[in-house]
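Tertiary structure, described
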Amino acid sequence: MQAAALSTAFESSPNAYLLLSPDLRIVAVNRAYEEVTGGRRQDIVGQALFAAFDSGPGSDAPENVRQVRDSLEKARDTRKRDHLALVRFAVEKTLPDGSVGFVERVWSATHTPLLNAAGEVELILQHTMDVTDLSPAIRPDEPTTALDAIVGGSVLRRAQSVQEDNRRLERERNRLVEMFMQAPGFVAILSGPDHRFQMHNDAYGQLIGRRDISGRPVRDALPELEGQGFFDLLDSVFETGEPYEGRESAARLQRTPDAPLETVYLNFIYQPIRDGSGAVVGIFVQGHDVTDNVMAAQRQKLMIDELNHRVKNTLATVQSIAIQTARSNTDPAGFAETFQSRIMSLSHTHNLLTQSHWEGADLRAILQHETEAYGPARVSLVGPAVSLEPPVVLSLGMIFHELATNAAKYGALHTPDGRVLIDWSLADQRDRKLRLTWREIGGPKVTIPDRRGFGSRLIERNIRHDLAGEIDLVYAADGLIAELTIPLDRTAAQ
């Protein structure tokens, strides 16, 4: 019954009404609309309202078409009634001489969104009124009155001017909002002494994990910032009106639900927003996430510190090698040959680490480096891939160099038929304890040396002191056997 009454009122109203779908297609018109526009409902219902015009962005559609379309879209998108004070449109009329032509008229329109139970726009009601005859000033062929001239034009002309100003301000506001939302840095507007989020852009949303913060006080929206100093800074800016700038400030944020807090580094400014009387009413927040830059600088500092440490260690190692080699070699030629050999071994290990940007190296690669001069037929390598930290790589490189040099001078690699068998395993996957056996066969008969040379001392010192491991040297009759045990996790931690 109510629907029938509304339909009757719609049809019989002396005011022109038009019903549109959300995509701006004509759903229904009343009799008054037909009379005013000269159109017939059977010809226009179901048609796009602006089918005759390309009124999209950047189009050449007439200004009046763009005005009506903008007003309709605003009503639809904001779900609020929108008024169009004045807009010029020509309608088809029978002229005094009996011919049919188009006459320009001035209209006032109201666009009202009609919502369904879910709050969605179902229809848009357009109510138009012909206001041409309310003021002769609207018609260019008739002059304004003297009173109009004194007060600055007719009421409708002033209304038209206000409407144009409002449209211009609306366009400028929309451009500013668009620039605000698309800003590469994070931006937010906080309102009132409790700093409620009035607006924030996509970059700010990304920074805080896409949380729903609109209209919420900052202490409620971002509780994890409590105790980090940011709330106190906002309070100070609001109370004193003095801006605050932060540089590379660390903030711990909940960027993923139920995940641990993440540390980010921010460059930002809190700028007070004042009203017409100069009182602070809000705070403008703007800044950039500089976490990547800060972390890169920290990594660079660590790398420089590590490089300084390694250079000092390397120089100390070279000094030790030089002193111990000099003690073991009485003639200059023997000293030069042994010293150069050990320095070259150290250099080869450094090259191996440089290839991985000093992130480490594989055990097999170290062994191949130190034994490649004797050929794969004489040196057998059997074991799984084992990734080693740089300090372990340096120590093992020197150890294997001494073992290989000793085998070439006195052991299995000193004779054509001698061989070296090297096998290794991870004895405990949980603790990552490396067990390696160096076994020489086919060489000259081995006897226990009368004294420990520099090579033996270097091996034992590196194993026990630098690597916190154990070594057992067995001088078997058929060849030397060296058994190494190294706790890799412990050496990595050191």
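Rules used throughout
Residues numbered from 1 in each chain as written. Predicted model: local features only at pLDDT ≥ 70, side-chain atom pairs only at ≥ 80, totals over all residues. Heavy atoms only, no water. Helix = DSSP H or I, 4+ residues; strand = E, 2+ residues; numbered from the N terminus. Contact = heavy atoms within 4.5 Å. Areas by Shrake-Rupley, 256 points an atom, 1.4 Å probe, with all protein chains shown as cover. Core = buried A, V, L, I, M, F, W, Y, C linked by side-chain atoms within 4.5 Å. Buried < 20%, exposed > 50% of the residue type's maximum accessible area, 1.4 Å probe, protein only. Pairing = 2+ DSSP bridges. Axes fitted to C-alpha atoms, helices over the stretch in contact; angles between N-to-C directions. Left-handed = near helix turned anticlockwise from the far one by under 90°. Nonpolar A, V, L, I, M, F, W, Y, C, P; charged D, E, K, R; others polar. Expected span 1.5 Å × (residues − 1). Lys, Arg positive; Asp, Glu negative; His and termini not counted. Salt bridge = Lys/Arg side-chain N within 4 Å of Asp/Glu carboxyl O. Polar contact = N/O pair within 3.5 Å; in protein donor to acceptor, adjacent residues only side chain to side chain. Phe/Tyr/Trp six-rings, centres within 6.5 Å; stacked < 30°, edge-to-face > 60°. pLDDT = per-residue confidence, 0-100.

**With respect to the overall build of the protein chain**
The secondary structure content of the protein chain amounts to 15 helices and 17 strands. Partitioning the contacts of the protein chain with sequence separation of at least 6, the portion at a separation of at least 24 is 49%. Summing over all exposed atoms, the protein chain offers an accessible surface of approximately 28500 Å²; the carbon and sulfur share of this is 53%.

**Regarding the nonpolar core**
Most often, soluble globular proteins have nonpolar side chains that are buried together. If you look at the biggest cluster of nonpolar residues, it comprises 34 residues, and the most contacted ones within it are Leu-363, Leu-388, Leu-396, Ile-399, Phe-400, Ile-422 and Trp-424. At the level of secondary structure, the elements contributing two or more residues to this core comprise helix H12 (363-371), strand S12 (379-382), helix H13 (390-409), strand S14 (419-428), strand S15 (433-441), helix H14 (454-466) and strand S17 (479-487). In terms of residue count, H13 provides more of this core than any other element does, eight residues in total. The contact partners of Leu-388, leaving out residues within four places of it in the chain, are Glu-359, Gly-360, Ala-361, Leu-363, Ile-366, Val-393, Leu-396 and Leu-488. Of all hydrophobic cores here, the second largest spans 27 residues; its members include Val-218, Phe-238, Leu-266 and Val-285.

**Things to note about the sheet that holds strand S7 (residues 196-200)**
Within the open sheet, the five strands sit side by side as S7-S6-S10-S9-S8. Their pairing is antiparallel. Of all strands in the sheet, those with a lone pairing partner are S7 and strand S8 (244-253), marking the two edges. Geometrically, the sheet is characterised by an average inter-axis angle of 30 degrees between neighbouring strands, direction not taken into account. Here nine bridges tie strand S9 (residues 262-274) to strand S10 (residues 280-289), and the two strands are oriented antiparallel to one another. From the neighbouring strand, Gln-271 faces S10, where its bridge partner is Phe-284. The sheet contacts of helix H9 (residues 230-240) involve strand S6 (186-191), S8, S9 and S10, and relative to S9 the element is tilted by about 15 degrees.

**Remarks on the packing of H12 against H13**
Angle between the axes and distance between the axes: these two values describe a pair of packed helices. Between H12 and H13, the shortest axis-to-axis distance is 9 Å and the interhelical angle comes to 35 degrees. Our pair here, H12 against H13, has a crossing hand that is right-handed. On H13, the residues that touch Leu-363, Ile-366, Leu-367 and Glu-370 of H12 are Val-393, Leu-396, Gly-397, Phe-400, His-401 and Ala-404. When grouped by side-chain class, the residues that make up the contact of H12 with H13 number seven nonpolar, two polar and one charged.

**Thoughts on H13**
Its 20 residues place the ends of H13 29 Å apart at the C-alpha level, agreeing with the 28 Å of an ideal helix rising 1.5 Å per residue. With 16 of 20 residues buried, H13 lies mostly within the body of the structure.

**Examining the side chain of Arg-378**
Take Arg-378: it is sitting in the loop between H12 and S12. In this structure, Arg-378 is buried with no salt-bridge partner, the nearest side chain bearing the opposite charge being Asp-417 at 7.2 Å. Polar side-chain contacts of Arg-378 include one of 2.3 Å to the backbone oxygen of Thr-415. Setting aside chain neighbours within four positions, we find Arg-378 in contact with Ala-412, Leu-413, Thr-415, Pro-416, Asp-417, Gly-418, Arg-419 and Val-420.

**Comments concerning the pattern of salt bridges**
Taken as a whole and assessed by the stated rule, the structure comprises 18 salt bridges. With a shortest N-O distance of 2.9 Å, Glu-11 and Arg-41 are connected by a salt bridge. With a gap of 30 residues between them, Glu-11 in helix H1 (residues 2-12) and Arg-41 in helix H3 (residues 41-44) connect regions that are remote in the sequence. Arg-41 sits in the partly exposed class, given a relative accessible area of 26%. Residues Asp-220 and Arg-216 are paired through a salt bridge, measuring 3.1 Å at the closest nitrogen-oxygen approach. The exposure class assigned to Asp-220 is partly exposed, which follows from its relative accessible area of 42%. Members of the salt-bridge network, linked through shared partners, are Glu-11, Arg-31, Glu-34 and Arg-41.

**Examining the packing of aromatic side chains**
In this structure the tally under the stated criterion is six aromatic pairs. Of the aromatic side chains, those joined through ring pairs into one cluster are Phe-230, Tyr-244, Phe-268 and Tyr-270.

**Examining the confidence of the model for the protein chain**
On average, residues of the protein chain carry a pLDDT of 80, and 75% of them reach 70 or more. Here helix H5 (residues 146-151) is the element of the protein chain with the lowest mean pLDDT, 42, and H9 is the one with the highest, 97. Confidence drops under a pLDDT of 50 for residues 54-58, and excluding neighbours within four residues, the segment shows seven contacts in the predicted structure.

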